[in-house]
Amino acid sequence: MGMRVGVVGLGRIGAFHTATLAGLDEVDELVVTDAFGPAVEAVTAAHPTARPAADLDAVLASGVDALVVATATPTHAEFIERAVAARIPVFCEKPIAMSSVQSAEVARRVADAGIPVAIGYNRRFDPAVSAARAAVASGDLGFITTARSTTLDPAPPPMEYIATSGGIFRDCAVHDFDTLRWVVGDDVVQVYATGSNQGDPRFTEFGDVDSATVVLRFASGTMGVVSASRYNGRGYDCRLEVHGSADSVAAGWDAGTPIRNVDAAVDFPPGAPHGFFMERFAEAYRRELTAFCHLATDNSPGPVPLCTVDDALAVAVIADAATLSLTEGRPVATADVAPRPNPRITS
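Please read these numbers as outputs of a predicted model, since none were measured by experiment. (Residues numbered from 1 in each chain as written. Predicted model: local features only at pLDDT ≥ 70, side-chain atom pairs only at ≥ 80, totals over all residues. Heavy atoms only, no water.)

Caption draft 1: Just the domain arrangement of the protein chain, in detail. In terms of domain boundaries, the protein chain breaks down into domain 1 (3–122 + 283–307) and domain 2 (124–276 + 313–334). Between domain 1 and domain 2, the C-alpha centre-to-centre distance is 26 Å. At the junction of the two partners, domain 1 supplies 22 residues and domain 2 supplies 21 residues. Both sides together, the interface formed by domain 1 and domain 2 hides about 1,800 Å², and carbon and sulfur atoms give 64% of it. Between the two partners, domain 1 and domain 2, sit 1 salt bridge. A salt bridge links Asp 171 to Lys 94; the shortest N-O distance between them is 3.3 Å. When contributions to the side of domain 1 that touches domain 2 are tallied by element, the ones reaching two or more residues are α5 (100–110) and α12 (282–298). It is α5 that contributes the most residues to the side of domain 1 that touches domain 2, 5 residues altogether. Looking at the side of domain 1 that touches domain 2 residue by residue, the class counts come to 13 nonpolar, 5 polar and 4 charged. (Domains from an automatic or database assignment. Contact = heavy atoms within 4.5 Å. Buried area = accessible area lost by both parts, 1.4 Å probe. Salt bridge = Lys/Arg side-chain N within 4 Å of Asp/Glu carboxyl O. Helix = DSSP H or I, 4+ residues; strand = E, 2+ residues; numbered from the N terminus. Nonpolar A, V, L, I, M, F, W, Y, C, P; charged D, E, K, R; others polar.)

So, in structure tokens, the structure goes:
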């Protein structure tokens, strides 16, 4: 394919994306930039196919075939729009913006450009999660009663990050919201969220919680349950369960699931616990960026759909509803916070 791909933002996830892109057959060259010079130096030293650029303008002017945005959340909306204005397909890490209102404005401005835009919700590309979606779509599970998604981080990110993250629902649980919405194949109509702080007191200072549970009601009557925490000392725990009237399936229950089974007659899980999300989802990230490369070059959607701007907007609405629910201690209808009607589910 011989693509030249730009990457703006070389922090933890940006450097990881750069390493993934450097290993793809579809990519010949990378053009990278970051406001922090040593990050650029480290990435270009590690990857011979990567060359530095002064800033985003220099990346866009370098003849790249596509752009990956991995900068801080407040820059996402602007960088998406600048890439689209330059007629360059863009993959942007989640979320689109800090709120559903801002996300809707981006969606409106890029809707008619005809330029591919994908938002980074990688769990769709985990083989087991994709299989769960296929099982639901086939009808083999019957009607879906409950779908559960769990994200438990081994430790919080730096507090400087938490201060501008938008909160646990917009930063962490959005992955669960996208996963459940896509796997169930339905829209969320009501959200109830609760949470607490038992760890670093600065979570409270920033108006955030370190652990939360969210109950989602889908239009069909299916119930969704999301569990999220910044403190799971045994490791990175990310699991999905889908329970139907005829059958049930699970994804993420593997040898590295970070839970200690206290049943003396059972030796599962037998392996070392997963340490972090980049290790747990390395293959999913590779599949996601490969799919984006094909979307950028020939507009091929692939067997698993990338998260669209409209999909990400629907997720942002759920996150806003959860945030309001936590603050006010009541269920919140997504229609009451949505800046416009929910888009159709991407199949």
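Caption draft 2: Examining the sheet that holds strand β12 (residues 248–251) more closely. Taken together, the 7 strands give an open sheet; going across it, the order is β12-β11-β7-β10-β9-β8-β13, and neighbouring strands pair in mixed fashion. Looking at strand neighbours, the two that pair on one side only are β12 and β13 (332–333), the edges of this open sheet. In this structure, strand β9 (residues 211–218) lies alongside strand β10 (residues 223–229), joined through 7 bridges in antiparallel fashion. Bridging from a neighbouring strand, Ser 211 pairs with Ser 229 of β10. Contacts between helix α6 (residues 127–138) and the sheet are confined to β7 (144–152), β11 (237–244) and β12, with β12 contributing the most and set at about 160 degrees to the helix. With respect to the sheet, helix α9 (residues 174–184) is in contact with β7, β9, β10 and β11, its orientation differing from that of β7 by roughly 155 degrees. (Pairing = 2+ DSSP bridges. Axes fitted to C-alpha atoms, helices over the stretch in contact; angles between N-to-C directions.)

Caption draft 3: Examining the nonpolar core more closely. Residues Leu 21, Leu 67, Ile 80, Ile 119, Phe 169, Phe 177 and Leu 216 are the most contacted members of the largest nonpolar core, which totals 106 residues. The leading source of residues in this core is helix α13 (residues 309–328), at 9 residues. Counting the residues that make up this core, at least three belong to each of domain 1 (3–122 + 283–307) and domain 2 (124–276 + 313–334). Discounting chain neighbours no more than four positions away, the residues touching Leu 21 are Val 5, Val 7, Val 27, Leu 30, Val 68, Leu 289 and Cys 293. (Core = buried A, V, L, I, M, F, W, Y, C linked by side-chain atoms within 4.5 Å. Buried < 20%, exposed > 50% of the residue type's maximum accessible area, 1.4 Å probe, protein only.)

Caption draft 4: Region of the structure containing the pairing of strand β2 (residues 27–33). Most of β2 sits out of view: 5 of its 7 residues are buried. Pairing of strand β1 (residues 3–8) with β2 involves 6 bridges; the strand directions are parallel. By the bridge assignment, Val 7 is partnered in β2 with Val 32. In this sheet, strand β3 (residues 50–52) lies alongside β2 in parallel orientation, the contact comprising 3 bridges. Across the sheet, residue Leu 30 finds its bridge partner in β3, namely Ala 50. The handedness of the β2 to β3 crossover, carried by helix α2 (residues 37–46), is right-handed. (Right-handed = clockwise from strand over helix to strand, strands pointing away.)

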